[in-house]
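Listed here are the chains, written in short residue letters.
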Amino acid sequence: MKGLWLENQQLQLRTDIPVPHPPPGEALVRVLRAGICNTDLELKRGYYPYTGILGHEFVGIVEQGPEHLLNRRVVGEINAACGHCRFCVSGQPTHCENRTVLGIVNRHGAFADYLCLPVQNLHPIPDNVPTDVATFTEPVAAALEIQQQVAVGVDNRVLVVGDGKLGQLIAQTLALTGCDLLVVGRHRDKLVNLEARGIKTGLADDVIDGAFDISVDCTGNPEGFAIARRALRPRGTLVMKSTYAGNLSLDASSLVVDEITLIGSRCGPFPAALELLATGKIDVKPLIHSSYPLHEAILAFEQAQNRGVLKVLLEISH
């Protein structure tokens, strides 16, 4: 089968990869569509030493698996857990000590004709959700994870730093809480997407120091972190929602003096994400920049790395 292979920070489109055979408890999924994520770009830059097929945001059709999923469109949670470590038995499988992670850690990913995942990771897609839209399930779930970790309500002043793909999804999901929300970024053309939904937007200079209860850094760069940090009042909460290829310097003393809560945040609830997409409470279509067939995956990656580009999709099959 074909697949986009990463090794030594170099991409190669290979055509000699064997179709995987699902082990017991797993399903074989024919990939229809997959989205290029900032984590994929960071992996290419070397943030984690991964070798194999990239990709973790996908929609596919189950070709081998339990009868209730056969021939159905599915999305899949990316962490494959062992089921018996201390995190699994305490209901925290995304932190499984023995986990593999689709397209990220010891498990081939979605930028290929086929992939395998545990059956328990798969979620059927409602019939009214188009395939391109369903490709956003994983990042929408990641956006919703913030609300699993931090109580956000109408009395909170919340800042989102970053107008990229994830920042826009986080902004849309936080807006549903009724909080006093501001989103800042560098690209007016991106911020227009949020303004059309009645969400306040601005540039970094619009951020008032110490004015926010909660800030979310979606930039993955030190400048974004600095904006999110200075925006917080004492005892505020800073949510880090991006992976960083390099090291991050910070003023630890100010975190102590202001008693700032710093929270890392990644994977989130798939059922809730699918419900938002099915009910149209958030709109992901404006985030789709372009689509490429799998045989042009390297070109698609080059496009996705360009400044200002939102979501680039790979069309694997129909």
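Residues numbered from 1 in each chain as written. Predicted model: local features only at pLDDT ≥ 70, side-chain atom pairs only at ≥ 80, totals over all residues. Heavy atoms only, no water.

Q: How do you make sense of the sheet that holds strand E4 (residues 52-53) when you look at a structure like this?
A: One key point about sheets: their strands pair by backbone hydrogen bonds, in either a parallel or an antiparallel sense. Within the open sheet, the 3 strands sit side by side as E2-E1-E4. Their pairing is antiparallel. Either end of the sheet is taken by a strand with one partner, and the two such strands are strand E2 (10-14) and E4. Pairing analysis gives 2 bridges linking strand E1 (residues 3-7) to E4, with the strands arranged antiparallel. Opposite Leu-6, over in E4, you have Gly-52 as the bridge partner. Sheet contacts for helix H10 (residues 297-304): E1 and E2; angle to E2, the most-contacted strand, approximately 145 degrees. (Pairing = 2+ DSSP bridges. Helix = DSSP H or I, 4+ residues; strand = E, 2+ residues; numbered from the N terminus. Contact = heavy atoms within 4.5 Å. Axes fitted to C-alpha atoms, helices over the stretch in contact; angles between N-to-C directions.)

Q: Help me out: how do you make sense of the UniProt feature "domain: Alcohol dehydrogenase-like N-terminal" (unreviewed entry) in the chain in this one?
A: Look at the UniProt record and you will see "domain: Alcohol dehydrogenase-like N-terminal" (unreviewed entry) annotated at residues 24-127. Its end C-alpha atoms 28 Å apart, residues 24-127 is made of 12% helix and 36% strand. (UniProt positions renumbered as here; feature names shortened; annotations may be inferred.)

Q: Help me understand the nonpolar core, please; the structure alone is not making it clear to me.
A: Where a protein is soluble and globular, its nonpolar side chains tend to be buried together. Of all hydrophobic cores here, the largest spans 45 residues; its most connected members are Phe-58, Phe-111 and Leu-122. If you list the elements that add at least two residues to this core, you get E1, strand E3 (26-36), helix H1 (38-45), strand E5 (57-64), strand E9 (114-118), H10 and strand E18 (311-315). Within the second largest apolar cluster, 42 residues are counted, among which are Val-59, Val-183, Leu-191 and Val-216. (Core = buried A, V, L, I, M, F, W, Y, C linked by side-chain atoms within 4.5 Å. Buried < 20%, exposed > 50% of the residue type's maximum accessible area, 1.4 Å probe, protein only.)

Q: Whenever I open this one, the packing of helix H5 (residues 165-175) against helix H6 (residues 188-195) confuses me. Can you help?
A: Two numbers describe a pair of packed helices, the interaxial angle and the distance between the axes. It is the contact of H5 with H6, at a shortest axis distance of 10 Å, that shows an interaxial angle of 20 degrees. Judged on the interaxial angle alone, H6 and H5 are roughly parallel. Crossing geometry of H5 relative to H6 is assigned as right-handed. Residues Gln-168, Ala-171 and Gln-172 of H5 form the contact with H6, whose participating residues are Lys-190, Asn-193 and Leu-194. Residues belonging to the contact of H5 with H6 are distributed by class as follows: 2 nonpolar, 3 polar and 1 charged. (Parallel < 35°, antiparallel > 145°, perpendicular 65-115°, else oblique. Left-handed = near helix turned anticlockwise from the far one by under 90°. Nonpolar A, V, L, I, M, F, W, Y, C, P; charged D, E, K, R; others polar.)

Q: What exactly am I supposed to notice about empty space enclosed by the protein here?
A: Rolled over the atoms, a probe as big as a water molecule pinpoints where empty space is left. Going through the model one piece at a time under the given rule, you end up with 2 cavities of 30 Å³ or more. Of the pockets and cavities examined, the largest cavity occupies roughly 60 Å³. Around the largest cavity sit Glu-77, Ile-78, Asn-79, Thr-94, Glu-138, Cys-267, Gly-268 and Phe-270, which together line it. Residues of the lining of the largest cavity, tallied by class, amount to 3 nonpolar, 3 polar and 2 charged. Reported here for the second largest cavity is a volume of approximately 30 Å³. (1 Å grid on protein atoms, 1.4 Å probe; cavity = no way out; pocket = protein on both sides within 12 Å on 5 of 7 lines; lining within 4 Å. Points joined across faces, edges and corners; volume = space filled by probe spheres on them.)

Q: Is there a simple way to think about the pattern of salt bridges in this case?
A: Counted under the stated rule, the structure contains 15 salt bridges. The salt bridge involving Asp-163 is made with Lys-190; its shortest N-O contact spans 4.0 Å. Taken together, the positions of Asp-163 in the loop between strand E11 (157-161) and H5 and Lys-190 in helix H6 put the pair 27 residues apart, joining distant regions of the chain. The class of Asp-163 is buried, set by a relative accessible area of 5%. (Salt bridge = Lys/Arg side-chain N within 4 Å of Asp/Glu carboxyl O.)

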